[in-house]
Amino acid sequence: MHTSTIKQGKTLRMIALVTLICLLVGAMCGCGVFDKWFGGKGEEPILEEPVDSTVGFRRTVLYFQTDDGQMVPVMKLLPWEEGIGRAALNQLIDTDTNRISAAKMGLKNVVPQGVSFVLSISDDAVATVNILGLTELSSAEAEQNMITGIINTLTEFDSISSVRFEFDGKQMKKLSNGTLVDGVFLVQALNPEPMTVANEGEDQYQMTLYFPNNSASLHVPVTRTVTIEPTFMLAMQELVSGPVDITLRNCFPEGTQVLSATLEDGVATVNLSGEFAQLQSTPELELAALESIQLVAKQFASVSALQVQIEGTDYQSASMETMAVPVYVNEYR
């Protein structure tokens, strides 16, 4: 073999090797491998697939406050993108566009205008949120709603189990109005009602109830504390008894009694006293009541259907015929 041929072969192999190295380096940079190997703190992408059938969009649950200050989850379609976690947080900021959009549903954004976020997610599913440019908020309630909104929005993602906060790159123990922000936070209870003082030796348990706002346009989750272990029957009795907060509505006519409440094979069956039938004259409130029953039931078991009875006889109404089991507490309109 001629010397020139040997040199040409070596040159071709060298070019192929350099090309392969370049391709590998490009792939690792694009996937964030160098960040993990060399300590980079860029946002790690959340890797769940979009769960919406609409190509390019993801069903994402965000947390807003109502005009009365209650926190509510709302599902909104967001364009699918790398860094979808930070994109979700950006929806909570009180920008002009977000404010107008939220106001259409009677909602308010929980993060003040001018704030931005840097988000990183560790291998053990802890999200670190660095909040940049936060100024003093007006009250402890505003602080807590912001913190709750951020935590609960992020923990809706399967890849995030808890949240840690930084402010302009530094950790703080509490905000100006006393809200604690030090440590690692799990999902926050929504709109907790005042707790009664337990007797010595009594256990305390929490359950979530759902009541409509005054216009019946939103389901508002409420955390109620009880002294016996929650069951679907107990939750239904508490639901029918109504909310403590006077800005929320009781769907159920006065005098309604829960005769039984069971969950079996994905079917929630609730037997109510005759007073419930009065709701047929107010279809909007009737639908809110039926949906609230199903939302309450879903915290105890998977629910695919609802059966309502009045004094043991199947309840018939237009709402019952057309209603579907709600997938989300509220959906963005």
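Look up: the structure comes first, before these words.
K.L.:
What's the story with the sheet that holds strand β12 (residues 305–310) in this structure? I'm lost.
P.N.:
Pairing between the strands of a sheet is mediated by backbone hydrogen bonds and can be parallel or antiparallel. A sheet is described by the order of its strands in space; here four strands give the open sequence β10-β11-β12-β13, paired in mixed fashion. Each having just a single partner strand, β10 (258–264) and β13 (313–314) make up the two edges of the open sheet. Judged from the six bridges that link them, strand β11 (residues 267–272) and β12 form a sheet pairing that is parallel. Residue pairing for β12: T269 is matched across the bridge by Q307.

K.L.:
It is not clear to me how the side chain of S317 should be interpreted in this structure. Could you clarify?
P.N.:
One can find S317 in the loop between β13 and α8 (318–322). With relative accessibility at 9%, the residue S317 sits in the buried group. Polar contacts involving the side chain of S317 include one to the side chain of E286, which spans 3.1 Å. Excluding residues that lie within four positions of it along the chain, S317 makes contacts with Q280 and E286.

K.L.:
For this particular structure, what's the right way to read the pattern of salt bridges?
P.N.:
Under the defined criterion, the tally for this structure stands at five salt bridges. Residue R99 is joined to D94 by a salt bridge in which the shortest nitrogen-to-oxygen separation is 3.0 Å. By relative accessible area, which is 22% here, D94 ends up partly exposed. A salt bridge links R99 to D96, with the nearest nitrogen and oxygen atoms 3.0 Å apart. Residue R99 and its partner D96 are located together in helix α4 (residues 96–103), separated by three residues, close to a single helical turn. Residue classification places R99 among the partly exposed positions, given a relative accessible area of 33%. Each of the salt bridges in this network shares a partner with another, and the network as a whole consists of D94, D96 and R99.

K.L.:
Help me out: how do you make sense of the sheet that holds strand β4 (residues 116–121) in this one?
P.N.:
Read from one edge of the open sheet, four strands run β4-β5-β6-β7, paired in mixed fashion. Two strands lie at the open edges of the sheet, namely β4 and β7 (184–185), each paired on one side alone. Bridging between strand β5 (residues 126–132) and strand β6 (residues 162–167) involves six bridges; their strand directions are parallel. Considered in β6, the bridge of N130 is made with E166. On top of the sheet, helix α5 (residues 140–154) reaches β4, β5, β6 and β7; it is set at about 135° to β6, its chief contact.

K.L.:
I would appreciate a short explanation of the packing of helix α6 (residues 232–241) against helix α7 (residues 283–297) in the present structure.
P.N.:
Each pair of packed helices gets described by two things: the angle between the helix axes and the distance between those axes. Where α6 contacts α7, the two axes come as close as 10 Å, and the packing angle between them is 145°. Read as a crossing pair, α6 and α7 show a hand that is right-handed. Across the interface between the two elements, F232, A235, M236 and L239 of α6 pack against S292, I293, V296 and A297 of α7. Looking at the contact of α6 with α7 residue by residue, the classes come out as seven nonpolar, one polar and no charged.

The rules we used
- Here, residues in each chain are numbered from 1, in the same order as that chain's written sequence.
- This being a predicted model, a pLDDT of at least 70 is required before a residue's local features are given, and a value of 80 or more before pairs of side-chain atoms are given or counted; all residues contribute to the totals for chains, interfaces and linings.
- Excluding hydrogens and water, the side-chain figures rest on all heavy atoms present in the structure.
- Pairing between two strands is assigned when DSSP locates at least 2 bridges connecting them.
- A run of H or I in DSSP counts as a helix once it spans at least four residues, and a run of E counts as a strand once it spans at least two, with each numbered from the N terminus.
- Only protein chains enter the accessibility calculation, which uses a 1.4 Å probe; a residue is then buried when its area is under 20% of its type maximum, exposed when over 50%, and partly exposed in between.
- Polar contact is the term for a pair of N or O atoms within 3.5 Å; when the atoms are in protein, one must be able to donate a hydrogen and the other to accept it, and sequence-neighboring residues count only if both atoms are side-chain atoms.
- Residue contacts follow a heavy-atom distance rule, with two residues in contact if any of their heavy atoms lie within 4.5 Å.
- By salt bridge we mean one thing: a side-chain nitrogen of Lys or Arg within 4 Å of a carboxyl oxygen of Asp or Glu.
- To obtain an axis, a line is fitted to C-alpha atoms, over the contacting stretch when the element is a helix, and the angle between two such axes runs from 0 to 180 degrees between their N-to-C directions.
- Crossing handedness: left-handed means the near helix sits turned counterclockwise from the far one by under a right angle, and right-handed means the same turn made clockwise.
- Lys, Arg, Asp and Glu make up the charged group, whereas Ala, Val, Leu, Ile, Met, Phe, Trp, Tyr, Cys and Pro make up the nonpolar group; the residues left over, Gly among them, are polar.

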